[in-house]
Amino acid sequence: AVVSTQSTGAEEVKEGEEDDIPKPDYKPPPVIPKEENGTGCNKKTYFVCNEPGSEWVKLPPVTPAQLVCARQIKKFFTGDLNAPVVSYPPFPGTEINYLRAQIARVSAGTHISPIDYYKFEEDDEDDSEGEGRDSFVENVEFEPLRNTELIDPALSNWVHHVQHILPQGRCVWVNPTVKTETEDFEDEEAEEAEMEEDDDDDD
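Residues numbered from 1 in each chain as written. Predicted model: local features only at pLDDT ≥ 70, side-chain atom pairs only at ≥ 80, totals over all residues. Heavy atoms only, no water.

### Examining the overall build of the protein chain
Definition in use: Numbering goes from the N terminus for both helices and strands, where a helix is a DSSP run of H or I of at least four residues and a strand is a run of E of at least two. Accessibility here uses a 1.4 Å probe with only protein chains present; expressed as a share of the type maximum, an area under 20% marks a residue as buried, one over 50% as exposed, and anything in between as partly exposed. Any two residues having at least one pair of non-hydrogen atoms within 4.5 Å are treated as being in contact. Note on areas: these come from Shrake-Rupley sampling with a 1.4 Å probe, and a residue is covered only by the protein chains present in the view.
Secondary structure assignment for the protein chain yields five helices and six strands. Counted from the first residue to the last, the protein chain has its helices and strands arranged as α-β-β-α-α-β-β-β-α-β-α. Relative to its full complement of 203 residues, the protein chain shows a buried share of 20%. For the protein chain, long-range pairs separated by at least 24 residues make up 57% of all intrachain contacts whose partners lie at least 6 apart in sequence. Of the accessible surface of the protein chain, which amounts to about 16100 Å², a share of 53% is contributed by carbon and sulfur atoms.

### Focus on the packing of aromatic side chains
Any aromatic ring pair is given by two values, namely how distant the centres are and how the planes are angled relative to each other. Note the following rule: Between rings of Phe, Tyr and Trp, where Trp is taken as its six-membered ring, a pair exists when centres lie within 6.5 Å; planes separated by under 30 degrees are stacked, by over 60 edge-to-face, and by other angles tilted.
Overall, the coordinates contain five aromatic pairs when judged by the stated rule. Geometrically, the ring pair formed by Phe-91 and Tyr-98 is edge-to-face, given 5.4 Å between the ring centres and 85 degrees between the ring planes. Like Phe-91, the residue Tyr-98 is buried in the burial classification. Taken together, Tyr-117, Tyr-118, Phe-136 and Phe-142 form an aromatic cluster joined through their ring pairs.

### Quick word on the nonpolar core
We count it as follows: Here, nonpolar core means buried Ala, Val, Leu, Ile, Met, Phe, Trp, Tyr and Cys residues that are tied together by side-chain atoms lying within 4.5 Å of each other.
Ranked by internal contacts, the top residues of the largest apolar core, which has 14 residues, are Cys-41, Val-62, Leu-67, Ile-73, Phe-91, Tyr-98 and Ile-165. Within the residue set of this core, elements represented by two or more residues are α2 (64–70) and α3 (95–110). Top contributing element to this core by residue count: α3, with four residues. Ignoring sequence-local partners within four residues, the contact set of Ile-165 consists of Cys-41, Leu-67, Arg-71, Ala-104, Arg-105, Ala-108, Arg-170 and Cys-171.

### Things to note about the layout of surface pockets
Note the following rule: Note on definitions: the grid is 1 Å and covers protein atoms alone; a cavity is a set of points where a 1.4 Å probe fits but cannot get out; a pocket is an open set with protein on both sides within 12 Å along at least five of seven lines; lining residues have an atom within 4 Å of a point. Grid points are joined across faces, edges and corners, and a volume is the space filled by probe spheres set on the points. Side-chain classes are defined by residue name, with Ala, Val, Leu, Ile, Met, Phe, Trp, Tyr, Cys and Pro counting as nonpolar, Asp, Glu, Lys and Arg as charged, and the others, Gly among them, as polar.
Within this model, the largest pocket holds a volume of roughly 300 Å³. In terms of lining, the largest pocket is formed by 17 residues, of which the most central are Gly-40, Lys-43, Lys-44, Ser-107 and Val-162. Broken down by element, the residue count for the lining of the largest pocket peaks at four residues, all from α3. The residue makeup of the lining of the largest pocket, split by class, is eight nonpolar, five polar and four charged.

### Observations concerning unusual backbone geometry
Glycine aside, residues mostly have negative phi, and peptide bonds are mostly found in the trans state. Note that the residue after Tyr-88, namely Pro-89, is joined by a cis bond; omega there is 0 degrees. Turning to its location among the elements, Pro-89 is positioned in the loop between α2 and α3. If you check the backbone angles, Leu-155 has positive phi at about 55 degrees while not being a glycine. Classification of Leu-155 as exposed rests on a relative accessible area of 52%.

### Some details on α3
Heads up, the rule is: To estimate how far a helix should extend, the number of its residues minus one is multiplied by 1.5 Å.
Given a rise of 1.5 Å per residue, 16 residues ought to cover 22 Å, and the 22 Å separating the end C-alpha atoms of α3 matches this to within 8%. Its buried side turned inward, α3 meets β1 (47–48), β2 (57–58), α2 and β6 (158–160).

### Some details on the side chain of Gln-102
The criterion, for reference: A 3.5 Å cut-off defines polar contacts: any pair of N or O atoms within that distance qualifies, except that in protein one atom must be a possible hydrogen donor and the other a possible acceptor, and neighbouring residues in sequence count only when both atoms are side-chain atoms.
Along the chain, the position of Gln-102 falls in helix α3. Looking at Gln-102, its side chain comes within polar contact range of the side chain of Tyr-98, at 3.0 Å. Sequence-distant contacts of Gln-102, defined by excluding residues within four places in its chain, comprise Ala-70 and Phe-77.

### Notes on a nonpolar patch on the surface
Inclusion rule: Two joining distances apply to patches: 9 Å for like charges and 5 Å for nonpolar side chains (Val, Leu, Ile, Met, Phe, Trp, Tyr), and every residue must have over 30% relative accessible area and no salt bridge. Note on definitions: salt bridges are taken to be side-chain nitrogens of Lys or Arg within 4 Å of carboxyl oxygens of Asp or Glu.
Taken together, the side chains of Ile-112, Leu-155 and Trp-158 make up a nonpolar region of the molecular surface, amounting to roughly 280 Å² of accessible area. For Ile-112, the position within the fold is in strand β3 (residues 112–114).

### Digging into the state of the cysteines
To be explicit about the condition: Disulfide: a pair of cysteine sulfur atoms within 2.5 Å of each other.
As enumerated under the stated definition, the model contains zero disulfides in all. Cys-171 carries a free sulfur, and the closest cysteine sulfur to it, the one in Cys-41, is 3.6 Å from it. The buried category is assigned to Cys-171, whose relative accessible area is 10%.

### Comments concerning the side chain of Gln-168
Within the fold, Gln-168 resides in the loop between β6 and α5 (181–202). Taking the relative accessible area as the measure of exposure, Gln-168 reaches 13% and is therefore buried. Once residues within four sequence positions are removed from consideration, Gln-168 is found in contact with Ile-32, Pro-64, Val-68, Trp-173, Val-174 and Pro-176.

Below you can see the structure in the form of structure tokens.
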């Protein structure tokens, strides 16, 4: 059965008001891709356990979003890797991800050595694109510094020998507005699929 109703003027006014409501044009910022395993913040893999003798649990790779948020919050660990991280701004993950993010921060900030103790490998490519190099070896020609030089309050004889985590949440900066070849190919496929659907509708 088909039932028809006659719309009133009030309903028409209401519909007109809804049409006049501005629509938000906000677009979320592009997602920053995480660094591949064995590089940058994910150069190493970590395992954790609650007590000696218990089963080891492998921590997942860390993402830039988790690192950016971990810098803005302070939370005590509960020991439950699946516990939610209630914070503001909201943390994108559970305690296992928060633990991995803080390990990455600690590792990047505490690996130091006397200046010239390490050197870059000779077969490394030049840093032509502004990307930091993370491959280094012990300098066999290193001459140990005197204790007075090592305890100098200026700390000018100490350096970080691992890559710094950028504000972006990565060790190597990436331009989120530049699409990769894979993304371009996927966009082309999506456009072709939409065109085919439009052709089918016209038929």
